[in-house]
Amino acid sequence: MCQIFDEIFRKGREEGFKEGEAKQIIRIYQKQQMAAGEILEELISELKIPMKQAQKYIGMFGAEDYWSTR
């Protein structure tokens, strides 16, 4: 039973780290006024994640007004 909790904790922690990295990548590239598509590509490349997950992170951490102008 402890192994199950350890595995759940480990996966949650890994996801939290990825979310933190994604947030930083998005903010840095927004400040550089990089196009939304380029930021998406950077997330996929840097974090080694699928497109759907990168889009989720953009939805979570991207500023609405930024994305509507790109």
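Here's what I pulled together on the structure shown here. Not measured: the values here are computed from a predicted model. (Residues numbered from 1 in each chain as written. Predicted model: local features only at pLDDT ≥ 70, side-chain atom pairs only at ≥ 80, totals over all residues. Heavy atoms only, no water.)

On to a nonpolar patch on the surface. On the surface, Ile4, Phe5 and Ile8 cluster together to form a nonpolar patch covering roughly 330 Å² of accessible area. Tracing the backbone shows Phe5 in helix H1 (residues 2-31). (Patch = residues over 30% accessible without salt bridge, like charges linked within 9 Å, V, L, I, M, F, W, Y side chains within 5 Å. Areas by Shrake-Rupley, 256 points an atom, 1.4 Å probe, with all protein chains shown as cover. Salt bridge = Lys/Arg side-chain N within 4 Å of Asp/Glu carboxyl O. Helix = DSSP H or I, 4+ residues; strand = E, 2+ residues; numbered from the N terminus.)

Within helix H3 (residues 51-61), the full set of buried residues consists of Gln53, Ala54, Tyr57, Ile58 and Phe61. With its buried residues spanning 145° around the axis, H3 presents them on a single face. In this structure, H3 carries Lys52 and Gly59 as exposed residues pointing more than 90 degrees from its buried face. (Buried < 20%, exposed > 50% of the residue type's maximum accessible area, 1.4 Å probe, protein only. Arc of directions from axis to C-beta.)

Glancing now at the nonpolar core. Membership of the largest hydrophobic core comes to 14 residues, with the highest contact counts inside it found for Ala22, Ile26, Ile39, Leu43, Leu47, Ile49 and Tyr57. Sorting the residues of this core by element identifies H1, helix H2 (36-47) and H3 as the ones contributing at least two each. The residues touching Ala22, leaving out its near neighbours within four places in the chain, are Leu43, Leu47, Tyr57 and Phe61. (Core = buried A, V, L, I, M, F, W, Y, C linked by side-chain atoms within 4.5 Å. Contact = heavy atoms within 4.5 Å.)

Inspection of the secondary structure assignment puts Gln30 in helix H1. On a C-alpha basis, the gap between Gln30 and Gly62 in space is 8.3 Å, while along the polypeptide they are 32 residues apart.

Here the focus is the packing of H1 against H3. At a minimum axis distance of 10 Å, the contact between H1 and H3 shows a crossing angle of 65°. On the basis of the axis angle, H1 is roughly perpendicular to H3. Crossing geometry of H1 relative to H3 is assigned as right-handed. Contact with H1, carried on its side by Glu15, Lys18, Glu19, Ala22, Lys23 and Ile26, involves Gln53, Lys56, Tyr57, Ile58, Met60 and Phe61 of H3 and no other residues of that element. Within the contact of H1 with H3, the residues separate by chemical class into six nonpolar, one polar and five charged. (Axes fitted to C-alpha atoms, helices over the stretch in contact; angles between N-to-C directions. Parallel < 35°, antiparallel > 145°, perpendicular 65-115°, else oblique. Left-handed = near helix turned anticlockwise from the far one by under 90°. Nonpolar A, V, L, I, M, F, W, Y, C, P; charged D, E, K, R; others polar.)

A few words on the side chain of Gln53. With respect to the helices and strands, the residue Gln53 is situated in helix H3. Among the polar contacts listed, one links the side chain of Gln53 to the side chain of Glu15, at a separation of 3.4 Å. A distance of 2.9 Å separates a polar atom in the side chain of Gln53 from a polar atom in the side chain of Tyr57. (Polar contact = N/O pair within 3.5 Å; in protein donor to acceptor, adjacent residues only side chain to side chain.)

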